[in-house]
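Listed here are the chains, written in short residue letters.
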Amino acid sequence: MAPGAATMIGPGSDILGRLRVLRRPDGDHTMATAVSSTKRAATSGHDDGRTRARRALEALNFFMADMQAGIGPFLGVFLQQRGWQAGPIGTVMTAGGVAGMLFTAPAGAFIDHTKKKKLVVVVTGIATVLASFLILWSQAWAVVTVSQVATAIAGAAIGPAVAGMTLGVVRQKGFNAQNGRNQAFNHAGNMIGAGLSGWLGWQFGMPAIFYLSAAFGVLAILSVLAIPEKAIDHQAARGLEQGEDSDDDGEPGKAEGFKVLIRNKPMLILALALACFHLGNGGMLPLYTLAVVGAGKGNPAVFTATTVVVAQAVMIVVSLIAMKVAAGRGYWLVLLISFAALPARGLLAGSFIEHWGVWPVQALDGIGAGLQSVAVPGLVACLLKGTGRVNVGQGAVMTVQGVGASLSPAIGGWIAQELGYRATFFILGGFAIASLALWIGFAATLRPACAGTDGGGQGDEDGAGADRGSKEGAR
């Protein structure tokens with residue numbers, strides 16, 4: 001038998017094995033050392049690529065915040081200054097919301113399928129900026145509607161694409177923590193973008209906001225191009241991993257059919273609860289802005305910026321807290337608190353239509369939206385782990401909640417025209433009571449599926465527990 005070829009068995013095998021290594025020919029020992037060094041170098045390079053990708057994802061989330069929505073919350077006051085009434089403003093916003101709703105699930109399915117996720121973000125980002133400039137060129141009803149539809153369709157693809165790239169880079173284990181950081185950067189970008197927009201609108205007029213949005217768009221495109229393509233595991237990006245260990249040599253599973261979305265009971269309850277929430281929440285911000293500015297109690301650009309800055313500042317902190325709470329207590333509690341924030345917000349908005357009212361009203365918006373920005377993508381990724389349909393699932397949930405969000409501005413706008421703003425805010429805030437009823441009523445089904453996220457991805461046992469809960473909920 002050749003030296004070093006024997007298989008050692010027994011308590012002394014480790015010592016004997018070490019002695020046999022020492023007896024190997026020099027060439028064999030050098031080759032083994034070289035292979036080991038090559039593996040370490042490859043692993044180090046892979047880790048460096050992932051680190052670069054995580055930093056680039058955070059930068060992308062920061063800059064895409066202002067780019068994704070175009071003129072965003074400033075649209076209402078921009079059109080109001082040009083003679084538009086609350087009803088038509090709400091209608092064009094709803095048109096965009098409906099378009100986004102219809103394209104979100106197909107966009108998610110496309111993201112699951114394609115390996116060109118970076119290109120998707122680049123193309124849709126450019127389309128968003130160009131669509132926003134249409135409104136600056138003309139405020140005709142048809143032009144504004146086309147712009148809102150185009151912006152919504154582009155936004156429908158950007159969200160799942162970024163979520164998919166994040167999952168592909170950090171895998172399921174690291175998704176909760178990285179998504180929390182992504183959302184913190186996204187809210188920071190929204191806050192700074194809104195602050196700059198308010199200042200530019202005050203100093204140079206509302207058109208200056210469009211140019212700021214374009215600048216953020218360019219920086220977002222540069223950020224996504226900085227993500228190393230090799231750092232994205234496109235199988236993991238759709239919820240199919242090679243095993244709990246990202247370096248496992250096993251073959252990934254195959255994607256399940258789309259029926260998995262319908263069979264997953266916790267997913268259905270989540271989507272319905274979010275639809276009710278956004279039916280009230282979607283129109284709250286633009287209508288509160290119109291109410292205060294229309295009463296002559298605030299500068300249009302400055303007040304609109306303040307509404308965004310206050311909410312996003314709160315969201316930065318809340319998203320990081322949500323990441324920690326979800327890791328320890330699970331997503332059920334996080335979402336319960338988010339749903340409870342809207343009725344309180346509606347009560348305050350209807351009671352205090354004043355310039356200073358923006359602080360409590362938008363702080364509650366920051367709590368509700370900040371918690372959901374972390375909990376919803378994380379929960380969907382957990383529920384659909386191993387199905388290969390994570391991004392289409394993200395899109396499906398966004399579609400259903402988009403039903404509420406798209407109808408909210410129109411419903412709120414026409415209610416405001418008939419009954420006034422105070423009654424509108426009370427009614428909109430009341431829609432979240434249905435969300436609370438669903439979330440509490442189905443707690444027995446939801447709690448196992450929303451279990452802790454293994455401490456940010458550091459253990460297999462808890463992750464397996466979350467998987468078991470989601471499968472039980474699916475049955």
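Details of the structure are given in the entry above.
Residues numbered from 1 in each chain as written. Predicted model: local features only at pLDDT ≥ 70, side-chain atom pairs only at ≥ 80, totals over all residues. Heavy atoms only, no water.

## Structural notes on the overall build of the protein chain
Move 1: When you go through the protein chain residue by residue, the secondary structure sums to 19 helices and zero strands.
Move 2: Sorting the 475 residues of the protein chain into buried and exposed places 54% on the buried side.
Move 3: When contacts within the protein chain are restricted to residue pairs at least 6 apart in sequence, those whose partners lie at least 24 apart make up 84%.
Move 4: Approximately 19900 Å² of the protein chain is accessible, and the part contributed by carbon and sulfur atoms is 66%. (Helix = DSSP H or I, 4+ residues; strand = E, 2+ residues; numbered from the N terminus. Buried < 20%, exposed > 50% of the residue type's maximum accessible area, 1.4 Å probe, protein only. Contact = heavy atoms within 4.5 Å. Areas by Shrake-Rupley, 256 points an atom, 1.4 Å probe, with all protein chains shown as cover.)

## Describing the environment of F78
Move 1: By the secondary structure assignment, F78 is in helix α3 (residues 75–80).
Move 2: A residue is classified by how much of its surface remains accessible, and F78, at 1% relative accessible area, is buried.
Move 3: Separated by 128 residues in sequence, F78 and M206 have C-alpha atoms that sit 6.9 Å apart.

## Structural notes on the environment of Q183
Move 1: Within the fold, Q183 resides in helix α6 (residues 141–204).
Move 2: Residues Q183 and M315, 132 residues apart in the sequence, show an inter-C-alpha distance of 8.3 Å.
Move 3: Discounting residues that sit within four places of it in the chain, Q183 has contacts with S319, S373 and V374.

## Focus on the packing of helix α9 (residues 265–281) against helix α14 (residues 390–419)
Move 1: Running from amino to carboxyl end, α9 crosses α14 at an angle of 25°, the nearest separation of the two axes being 7 Å. The orientation of α9 with respect to α14, classified from their angle, is roughly parallel. Viewed along their axes, α9 and α14 form a crossing whose handedness is right-handed. Counted together, M267, L270, A271, L272, L274, A275, H278, L279, G280 and N281 of α9 and G393, V397, V400, Q401, G404, A405, L407, S408 and I411 of α14 form the full contact between these two elements.
Move 2: Looking at the contact of α9 with α14 residue by residue, the class counts come to twelve nonpolar, seven polar and no charged. (Axes fitted to C-alpha atoms, helices over the stretch in contact; angles between N-to-C directions. Parallel < 35°, antiparallel > 145°, perpendicular 65-115°, else oblique. Left-handed = near helix turned anticlockwise from the far one by under 90°. Nonpolar A, V, L, I, M, F, W, Y, C, P; charged D, E, K, R; others polar.)

## Things to note about the packing of helix α4 (residues 86–113) against α14
Move 1: Here α4 crosses α14 at 175°, and the two axes come no closer than 8 Å. By the angle between their directions, the pair α4 and α14 is classed as roughly antiparallel.
Move 2: Among the residues making up the contact of α4 with α14, the classes are represented as 17 nonpolar, 14 polar and one charged.

## Describing a nonpolar patch on the surface
Move 1: On the surface, W199, W202, F204 and V302 cluster together into a nonpolar patch covering about 470 Å² of accessible area.
Move 2: The element contributing the most residues to the nonpolar patch is α6, with three residues.
Move 3: Note that W199 resides in helix α6.
Move 4: Residue W199 is classed as partly exposed on the basis of its relative accessible area of 44%. (Patch = residues over 30% accessible without salt bridge, like charges linked within 9 Å, V, L, I, M, F, W, Y side chains within 5 Å. Salt bridge = Lys/Arg side-chain N within 4 Å of Asp/Glu carboxyl O.)

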